[in-house]
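# Breakdown of the fold
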Amino acid sequence: MYIAAVQRRMSEFRIYAATTGDCIAGDRWEYPDEERARIKSDFSSGVRLVVDEHRGEIRGFVPAYREADEAFYAVLSTDDDRPETDAFADAVWELFERTEGWSIRTDTSEGRLLQTLTRDTDSDEALQIPVESLTGGTVRVGTPDVEVAGRQLRSVRAALSDDGPRQYAISLSRSASHLSPDLFVHVHGSYQNVTVLED
């Protein structure tokens, strides 16, 4: 099996098989068991992206193709409490581009989310979530598609760049009991626009 690693200054990057939690790219011998457990919980709960500034970690679903469609999760861990989503997405694309026989299925919602995370966005135009409400507990919002979710997450983080560390999640399910994020974004086509959800 092909093993690859992306090394960045003061950071680690790994790819996991979503169904088994096996590390298939990166340092397979030293990855934390807790990281593997988080991946498996994310997958079973429908979570597609977590930005955890407390851990300096971004982890996200990667719709892959090798000899067949596969589900991966990527994890970028840094010493910085402000890990950047574009660095995460760039690391994913970089690994897939240089690994023969690997590709990302950009026709899926998760593939489009990865594309969105690499793009610049106009925060003043895109921000539709009241950041002043992110003062305690979890703010839950619904968005109609992953591109909107990705832009909103990036915009909220930009607006709160001077605040302390937070946790953000994008999910295809309405809840994820293993997470306690400051912002939980539920992606579903039933929403017409960005909607603040009641508990």
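Data block above holds the structure.
Residues numbered from 1 in each chain as written. Predicted model: local features only at pLDDT ≥ 70, side-chain atom pairs only at ≥ 80, totals over all residues. Heavy atoms only, no water.

### What to know about the pairing of strand 7 (residues 139-143)
Defined as follows: Buried means the residue's accessible area, taken with a 1.4 Å probe over protein chains only, is under 20% of the maximum for its type, while exposed means over 50%, and partly exposed covers the values in between. Numbering goes from the N terminus for both helices and strands, where a helix is a DSSP run of H or I of at least four residues and a strand is a run of E of at least two.
The buried fraction of strand 7 amounts to five of the five residues, a majority that puts the element mostly inside the structure. Side chains Val-139, Val-141 and Thr-143 project from strand 7 onto one buried face, and the interleaved Arg-140 and Gly-142 project onto a second face that is buried too.

### Thoughts on the packing of helix 2 (residues 85-98) against helix 3 (residues 109-117)
Angle between the axes and distance between the axes are the two parameters that describe a pair of packed helices. To keep things clear, this is the line we draw: Note on geometry: axes are lines fitted to C-alpha atoms, helical ones only across the stretch in contact, with angles between N-to-C directions running from 0 to 180 degrees. For classification purposes, angles smaller than 35 degrees are called roughly parallel, those larger than 145 roughly antiparallel, those between 65 and 115 roughly perpendicular, and all remaining angles oblique. In a left-handed crossing the near helix is turned counterclockwise from the far helix by less than a right angle, and in a right-handed crossing that turn is clockwise. A contact between two residues is defined here by any heavy atoms of the two lying within 4.5 Å. Residues are grouped as follows: Ala, Val, Leu, Ile, Met, Phe, Trp, Tyr, Cys and Pro are nonpolar; Asp, Glu, Lys and Arg are charged; every other residue, Gly included, is polar.
Running from amino to carboxyl end, helix 2 crosses helix 3 at an angle of 125°, the nearest separation of the two axes being 8 Å. Comparing their axes, helix 3 and helix 2 come out oblique. Handedness of the helix 2/helix 3 crossing: left-handed. Residues Thr-85, Asp-86, Phe-88, Ala-89, Val-92 and Trp-93 of helix 2 lie in contact with helix 3, whose contacting residues are Gly-111, Leu-114, Gln-115 and Leu-117. Of the residues assigned to the contact of helix 2 with helix 3, the class counts are six nonpolar, three polar and one charged.

### Here we look at a negative patch on the surface
What counts, and what does not: Residues enter a patch when their relative accessible area is above 30% and they make no salt bridge; the linking distance is 9 Å between like charges and 5 Å between nonpolar side chains (Val, Leu, Ile, Met, Phe, Trp, Tyr). A 1.4 Å probe and the Shrake-Rupley method give the accessible areas. Residues count as covered only by the protein chains that appear here. Any Lys or Arg side-chain nitrogen located within 4 Å of an Asp or Glu carboxyl oxygen qualifies as a salt bridge. Neither His nor the chain termini are counted; the positive set is Lys and Arg, and the negative set is Asp and Glu. Where a charge lies is defined by one atom per residue type: Lys uses NZ, Arg uses CZ, Asp uses CG and Glu uses CD.
On the surface, a cluster of negative charge is made up of Asp-79, Asp-80, Asp-81, Glu-84, Asp-86 and Asp-90. Structurally, Asp-79 is set in the loop between strand 5 (69-78) and helix 2. For Asp-79, a relative accessible area of 61% translates into the label exposed.

### A look at the pattern of salt bridges
In the structure shown here, the tally under the stated rule is 16 salt bridges. The residue Arg-157 makes a salt bridge to Glu-53 at a minimum N-O spacing of 3.0 Å. Pair noted here: Arg-157 is in helix 5 (residues 146-159) and Glu-53 is in the loop between strand 3 (47-52) and strand 4 (57-65), with a separation of 104 residues, a long-range link. The buried category is assigned to Arg-157, whose relative accessible area is 3%. For Glu-53, a relative accessible area of 1% puts it in the buried group. We note a salt bridge from Arg-59 to Glu-57, for which the minimum N-O separation is 2.7 Å.

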